Amino acid sequence: MITNTMHDQSSQMPVHDMPAYRLGTDGMGVVQPVRKIIHVDMDAFYASVEQRDNPELRGKPLAVGGSAARGVVAAASYEARTFGVHSAMPSVTAKRKCPDLIFVPPRFEVYRQVSQQIREIFAEYTPLIEPLSLDEAYLDVTENLKGMDIATEIALEIRAKIKAVTGLNASAGISYNKFLAKMASDLNKPNGQAVITPKNGPGFVEALPVKKFHGVGPATAERMKRHGIETGLDLKSKSLAFLQQNFGKSGPYFYGIARGVDERRVRADRIRKSVGAEDTFVEDIGDLDLAKAELRPLAEKVWRYCEAHDITGKTITVKIKYSDFTQATRSQTVSGAVSGVDQMLEIAESLLASVFPFKRPVRLLGITLSSLNTEESGQEPQLALGL
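- Per an unreviewed UniProt entry, the chain is named DNA polymerase IV, and its organism is Rhizobium esperanzae.
- What the UniProt record of the chain gives under Sequence similarities (unreviewed entry) is the line "Belongs to the DNA polymerase type-Y family."
- The UniProt entry for the chain carries the following text under Subunit (unreviewed entry): "Monomer."

Right, dumping it as structure tokens:
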């Protein structure tokens, strides 16, 4: 079943949760506990912090980011989202969609402080916390520090504590794996939660459009459509060999999630080795200038993450994947830390130019910053713009 918990956080409402045990999948007949995974996602985090701290911004369309011609929206309030404004959108486009849009500069130090408050609340319930960014994380509460059996009750408590401590709303998804917990957290946004149980997980996935799958970007969804794949059921009908042939290393992942299976564990204290972003193009690119133009949004996305997490690095790597799925990488290491997005972009453009003329049209470009110096090595970024 899929249980939606709406905005009322009353503990007296009926709560449904996953069964306590299922048969293990190792073929040995060993009974294993169902994993209970919560994905907590703060609602319009940066924008909500700004509206919390400045009452004059409440109820108004707000974007966190730069309003200059080359600025990018880092976050948008729900009032702005009704106009179609969203994160990673060029500021000029956002202003065109919403003429009354208010821009405020980001305050990453404040966001980090609030994020730490939220992380401390998580730690009251489980040590198995996998942050994805400042505003979202996976929690494995199968065996939790409170001895609570019902994961939905844990999610309700966590959301209530976040509200009490920070004044901010959080949404949550509860399920038996990370993929479905992530999907569930979007079902009742903002300020709600939902459960996807083992019984109904596969059916939920079958009915879902693949363009809504976490991990399927617009370009991948378009390629799937060309293969007749528009829903989870369509994806399930394809063999593992077919998915590997047409989607490379992502094939086994797509094969599993089409069946409601995701064996990835919640991994606490992952050591970050790099921060990267990549994009797959709807149409392959053969022109160097067009390819260089695609590097800027990638560099800006990487640098925004680095600024938000006090990360510096020395090595820039550009990844080029060609139309036949072969790929090349080029790297350059500077003597000191990369100073900013402009230096990152300059190096990336030079690296890209070193493989021109391209041996085949380019279908994907990526930029990665490594040789990191960071105080938050426990976080693993999720920065891909598409697969």
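### Remarks on the overall build of the chain
- When helices and strands are counted, the chain shows 13 helices and 15 strands.
- Looking at the chain residue by residue over its 387 residues, the buried ones come to 48%.
- Considering only residue pairs separated by 6 or more positions, the chain has 66% of its internal contacts joining residues 24 or more positions apart.
- On the chain, roughly 18,000 Å² of surface is accessible, and the fraction owed to carbon and sulfur atoms is 51%.

### Considerations on the UniProt feature "binding site: Mg(2+)" (unreviewed entry) in the chain
- Per the UniProt annotation, the sites labelled "binding site: Mg(2+)" (unreviewed entry) are D41 and D135. Taken along the chain, the residues just named run across 95 residues; in space they keep tight, none of their C-alpha pairs more than 6.0 Å apart.
- One can find D41 in strand β4 (residues 37–42).
- Apart from residues lying up to four places away in sequence, D41 is in contact with D135, E136, A170, S171, D186 and K189.
- Here D135 is to be found in the loop between β8 (129–133) and β9 (136–140).
- Judged by relative accessible area, D135 falls into the partly exposed class, the value being 21%.

### Quick notes on the sheet that holds strand β7 (residues 102–104)
- Pairing is mixed across the open sheet formed by three strands, whose spatial order is β6-β5-β7. The two strands at the open ends of the sheet, each matched to only one other strand, are β6 (73–76) and β7. Looking at each pair of strands side by side, their axes are set apart by 30° on average, direction ignored.
- Two strands pair when backbone bridges link them, and strand β5 (residues 62–65) and β6 are joined in this way by three bridges, in the antiparallel orientation.

### Observations concerning the pairing of β8
- Counting buried positions along β8 yields five of five residues, so the element is predominantly enclosed.
- Relative to β9, β8 runs antiparallel, the two sharing four bridges. In the strand pairing of β9, E130 is matched with Y138.
- As consecutive antiparallel partners, β8 and β9 are separated by two residues.

### Section: the pattern of salt bridges
- Taken as a whole and judged by the stated rule, the model has 14 salt bridges.
- Taking the shortest distance from any N to any O, the salt bridge between E50 and R107 comes out at 3.0 Å. Pair noted here: E50 is in helix α1 (residues 45–53) and R107 is in the loop between β7 and α4 (108–123), with a separation of 57 residues, a long-range link.
- A relative accessible area of 31% means that R107 is categorised as partly exposed.
- When the shortest N-O distance is used, the salt bridge between R296 and E300 registers 3.2 Å. Taken together, the residues span about one helical turn, with R296 and E300 both in helix α12 (residues 288–308) at a distance of four residues.
- When its relative accessible area of 13% is taken as the criterion, E300 is described as buried.

### Focus: the UniProt feature "site: Substrate discrimination" (unreviewed entry) in the chain
- Under the UniProt annotation, "site: Substrate discrimination" (unreviewed entry) lies at Y46.
- Other than its neighbours up to four places away in sequence, Y46 contacts V64, A74, A75, F108, Y111, L134 and A308.

### Details of the sheet that holds strand β15 (residues 362–373)
- Spatially, β12-β15-β13-β14 is the arrangement adopted by the four strands of the open sheet, whose pairing is antiparallel. With partners counted over all chains shown, the strands left at the sheet margins are β12 (274–285) and β14 (327–333), one partner each. If you compare each strand with its neighbour and ignore which way they point, the axes differ by 15° on average.
- Pairing of strand β13 (residues 312–322) with β14, which is carried by seven bridges, proceeds in the antiparallel orientation. For K321, the partnering residue across the bridge sits in β14 and is Q327.
- Against the sheet, α12 engages β12 and β15, with an angle of about 155° to β12.

Definitions and limits used
Residues numbered from 1 in each chain as written. Predicted model: local features only at pLDDT ≥ 70, side-chain atom pairs only at ≥ 80, totals over all residues. Heavy atoms only, no water. UniProt positions renumbered as here; feature names shortened; annotations may be inferred. Helix = DSSP H or I, 4+ residues; strand = E, 2+ residues; numbered from the N terminus. Buried < 20%, exposed > 50% of the residue type's maximum accessible area, 1.4 Å probe, protein only. Contact = heavy atoms within 4.5 Å. Areas by Shrake-Rupley, 256 points an atom, 1.4 Å probe, with all protein chains shown as cover. Pairing = 2+ DSSP bridges. Axes fitted to C-alpha atoms, helices over the stretch in contact; angles between N-to-C directions. Salt bridge = Lys/Arg side-chain N within 4 Å of Asp/Glu carboxyl O.

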